[in-house]
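Inside the fold
The residues making up each chain are set out below.
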Amino acid sequence: MGATGYGYYRVVIFLCMFIGYSLYFFNRKTFSFVMPSVMEEIELDKDDLGLITSSQTMAYAISKFISGVLSDQISARWLFSIGLLLVGGINVVFSWSSTVTMFSLLWFVNGLGQGCGWPPCGKVLRKWFEPSHFGTWWSVLSCSMNLAGSLGPILATVLLQYYDWRTILSMSGIFCAAFSFVCVLFIKNEPKDVGLPSIEAAAKKGSKGGNNDSTLSEFLLSPFLWVLSLGYLVVFGVKTAATDWGQLFLIQEKGQSVIMSSTYMSALEVGGLVGSLASGFLSDRAVARKGLGTHGNPRHNLLLFMMAGMYVSMYLFRVTITPEVPKEAPLWVQALHPISVLIGLSEKEIWILFLGAMFGFSCYGPIALFGVIASESAPSNFCGTSHAIVALMANVGAFMAGLPFSTVAKQHSWDTAFWIAEVTMGIATIGFFLVRNMRTKMGRIAEKMD
């Protein structure tokens, strides 16, 4: 009976969160999806568009941190559902507006609602899934963003053939708000809410080390929390730099076409989807084999491997792709020649796509792993706060990959800016190798375990 109960609730809860977070992400990007249609009706320049989108980004970073802390104090089910209701309602009101001021204000509030999405998901996943399955389900749930991000533009383009942008935003918002009530009904915070034994209690009995509920100061003074935060800052910053500026680098300094640079980004996203899923599945197998101890997380080796993959792919991307054709064919050109003949693409095009997929695989994997490790290494009463802190540091990295990164490129070159990112990635990888056996359990550890 117990096993049946767990299976039913896990499927229902996971489906609600997957669909719910897909709606979160779709309604985060609706303005971007219909932007050309909005600009046909309302006069907006680049500064206006930047103000609208930046207001949401800033609010999202603040809200995600606050929601991570709140998820440890209040019901994750209600936090997730209220955020979804707010996001849906704002999209409806946005469709009634016509001024830049109102657009920016409403999109700021949308960002506040968006931050209520992911932290409760991490909290609920930890309560419902064993440590040896946690990473896999975390990675699968994160694919809801890829799904909404890939299908959203296509869906919006098709609907724009029949409806105006205001109708699309209204329909999207109403569906999003309506689904929030489904989430309230079917998402359960933890097994105890439906009379089932706690997963965490069973996991602690079989673990090599356990941490009791800790005080905030004990948690915040854990060195591993800040090691993770610094690593996530670097990885997310480098990833953001590559995704935001990689196309311009290819076009302006590497002599590639717009189509080729766009295809590179698509290859990066496909590789990222595979990397995210692989990181969860493979690291879960390591946890199942070794268990979670107090020192050295079993997921750390895979994290190191993927961080090294980011460095190698960035180095090859910067060094091997050149505007001119080399007089003597490099080794990679010779190796790819049979494939080139077979599929009809040049060796350079295949190589660029390969490097894009390799970088995507290597960077999206660590992004998933940092969140998983931060949540599972924290005391159960601070797992949401732990993820909130490392995610906030990731947003700092994303900011540094914006104006500071482009300023370096403006003063010197894209090649110099990407070289700095590459070196930073290499240093971070070496640093994580050196601390691979440090104490990873945050907060208080029972004396007999320590």
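Residues numbered from 1 in each chain as written. Predicted model: local features only at pLDDT ≥ 70, side-chain atom pairs only at ≥ 80, totals over all residues. Heavy atoms only, no water.

Some remarks on the overall build of the chain
Along the backbone of the chain there are 17 helices and zero strands. Scored against the burial criterion, the 450 residues of the chain give a buried share of 54%. A separation threshold of at least 6 residues defines the contact pool for the chain, and within that pool the share at least 24 residues apart is 85%. A total of about 20,300 Å² of accessible surface is found on the chain, and carbon and sulfur atoms cover 69% of it. (Helix = DSSP H or I, 4+ residues; strand = E, 2+ residues; numbered from the N terminus. Buried < 20%, exposed > 50% of the residue type's maximum accessible area, 1.4 Å probe, protein only. Contact = heavy atoms within 4.5 Å. Areas by Shrake-Rupley, 256 points an atom, 1.4 Å probe, with all protein chains shown as cover.)

Brief notes about the state of the cysteines
On inspection of all chains with the given rule, the structure shows zero disulfides. Not engaged in a disulfide, the cysteine Cys183 finds its nearest cysteine sulfur in Cys16; these two sulfurs lie 5.2 Å apart. (Disulfide = S-S within 2.5 Å.)

Some points on empty space enclosed by the protein
As enumerated under the stated definition, the model contains three cavities of 30 Å³ or more in all. Computed from the structure, the largest cavity encloses a volume of approximately 60 Å³. Together, Ala242, Gly246, Tyr264, Ser313, Met314, Phe317, Phe359 and Phe418 line the largest cavity. Looking at the lining of the largest cavity, the elements that each hand over two or more residues are helix H10 (223-252) and helix H12 (300-320). Ranked by residue count, the leading element in the lining of the largest cavity is H12, at three residues. Partitioned by chemical class, the residues of the lining of the largest cavity number six nonpolar, two polar and no charged. (1 Å grid on protein atoms, 1.4 Å probe; cavity = no way out; pocket = protein on both sides within 12 Å on 5 of 7 lines; lining within 4 Å. Points joined across faces, edges and corners; volume = space filled by probe spheres on them. Nonpolar A, V, L, I, M, F, W, Y, C, P; charged D, E, K, R; others polar.)

What about the layout of surface pockets?
Volume-wise, the largest pocket comes out at about 2,000 Å³. The wall of the largest pocket is formed by 48 residues, among which Phe25, Arg28, Lys29, Phe236 and Lys239 lie closest to the centre. Breaking the lining of the largest pocket down by element, the ones donating at least two residues are helix H1 (2-41), helix H2 (46-70), helix H6 (131-159), H10, helix H11 (258-290), helix H14 (347-377) and helix H15 (383-400). The leading source of residues in the lining of the largest pocket is H2, at nine residues.

Thoughts on the side chain of Gln114
Among the structural elements, Gln114 can be located in helix H4 (residues 100-114). If we ignore the near neighbours within four places in the chain, the residues touching Gln114 are Tyr24, Phe25, Asn27, Arg28, Tyr60 and Val87.

Details of the packing of helix H3 (residues 76-94) against H4
Direction vectors running N to C along H3 and H4 enclose 165°, while the axes themselves pass 8 Å from each other. Judged by the angle between their axes, H3 and H4 are roughly antiparallel. In the packing of H3 onto H4, the handedness of the crossing is left-handed. Across the interface between the two elements, Gly83, Leu86, Val87, Ile90, Asn91, Val93 and Phe94 from H3 touch Phe103, Leu106, Trp107, Val109, Asn110, Gly113 and Gln114 from H4. (Axes fitted to C-alpha atoms, helices over the stretch in contact; angles between N-to-C directions. Parallel < 35°, antiparallel > 145°, perpendicular 65-115°, else oblique. Left-handed = near helix turned anticlockwise from the far one by under 90°.)

Brief notes about the pattern of salt bridges
As enumerated under the stated definition, the model contains five salt bridges in all. Two residues, Glu41 and Arg166, come together in a salt bridge whose shortest N-O distance is 2.7 Å. Of this pair, Glu41 sits in helix H1 while Arg166 is found in helix H7 (residues 165-186), placing the two residues 125 residues apart along the sequence. Since its relative accessible area comes to 17%, Arg166 is described here as buried. For Arg318, the salt bridge goes to Glu422, with nearest N and O atoms at 2.7 Å. With Arg318 in helix H12 and Glu422 in helix H17 (residues 414-434), this residue pair connects regions lying 104 residues apart in the sequence. In this pair, the class of Arg318 matches that of Glu422, namely buried. Members of the salt-bridge network, linked through shared partners, are Arg318, Asp415 and Glu422. (Salt bridge = Lys/Arg side-chain N within 4 Å of Asp/Glu carboxyl O.)

Focus: the nonpolar core
Core analysis: the largest hydrophobic core is formed by 57 residues, its most contacted members being Leu228, Val238, Met307, Phe359, Phe370 and Phe405. Listed by contribution, the elements that provide at least two residues to this core are H10, H11, H12, H14, H15, helix H16 (403-411) and H17. Top element by residues in this core is H10. It accounts for 14 residues. Leave out the neighbours within four places in its chain, and Val238 touches Met310, Met314, Phe359, Ala421 and Met425. (Core = buried A, V, L, I, M, F, W, Y, C linked by side-chain atoms within 4.5 Å.)

Comments concerning the packing of H3 against helix H5 (residues 118-128)
Following both chains from N to C, one finds H3 and H5 inclined at 150°, their axes separated by 9 Å at the closest point. Viewed along their axes, H3 and H5 adopt a mutual orientation that is roughly antiparallel. Of the two elements, H3 crosses H5, and the hand of that crossing is left-handed. Touching Ala76, Leu79 and Phe80 of H3 are Pro120, Cys121, Lys123 and Val124, all from H5. Here the residues of the contact of H3 with H5 sort into six nonpolar, no polar and one charged.

What about H5?
In terms of burial, H5 is a largely internal element, eleven of the eleven residues being buried. Those residues of H5 not exposed but buried are Trp118, Pro119, Pro120, Cys121, Gly122, Lys123, Val124, Leu125, Arg126, Lys127 and Trp128.

Looking at the environment of Leu112
Following the sequence through the fold, Leu112 ends up in helix H4. A relative accessible area of 31% places Leu112 in the partly exposed class. Sequence separation between Leu112 and Val87 is 25 residues; the distance between their C-alpha atoms is 8.5 Å. Ignoring any residue separated from it by four or fewer positions in sequence, one finds Leu112 in contact with Ala59 and Ser63.

Re the confidence of the model for the chain
The pLDDT averaged across the chain works out to 82; a share of 89% of its residues lies at or above 70. Confidence drops under pLDDT 50 across residues 206-211; counting only partners more than four residues distant or on other chains, this segment forms 21 contacts. (pLDDT = per-residue confidence, 0-100.)

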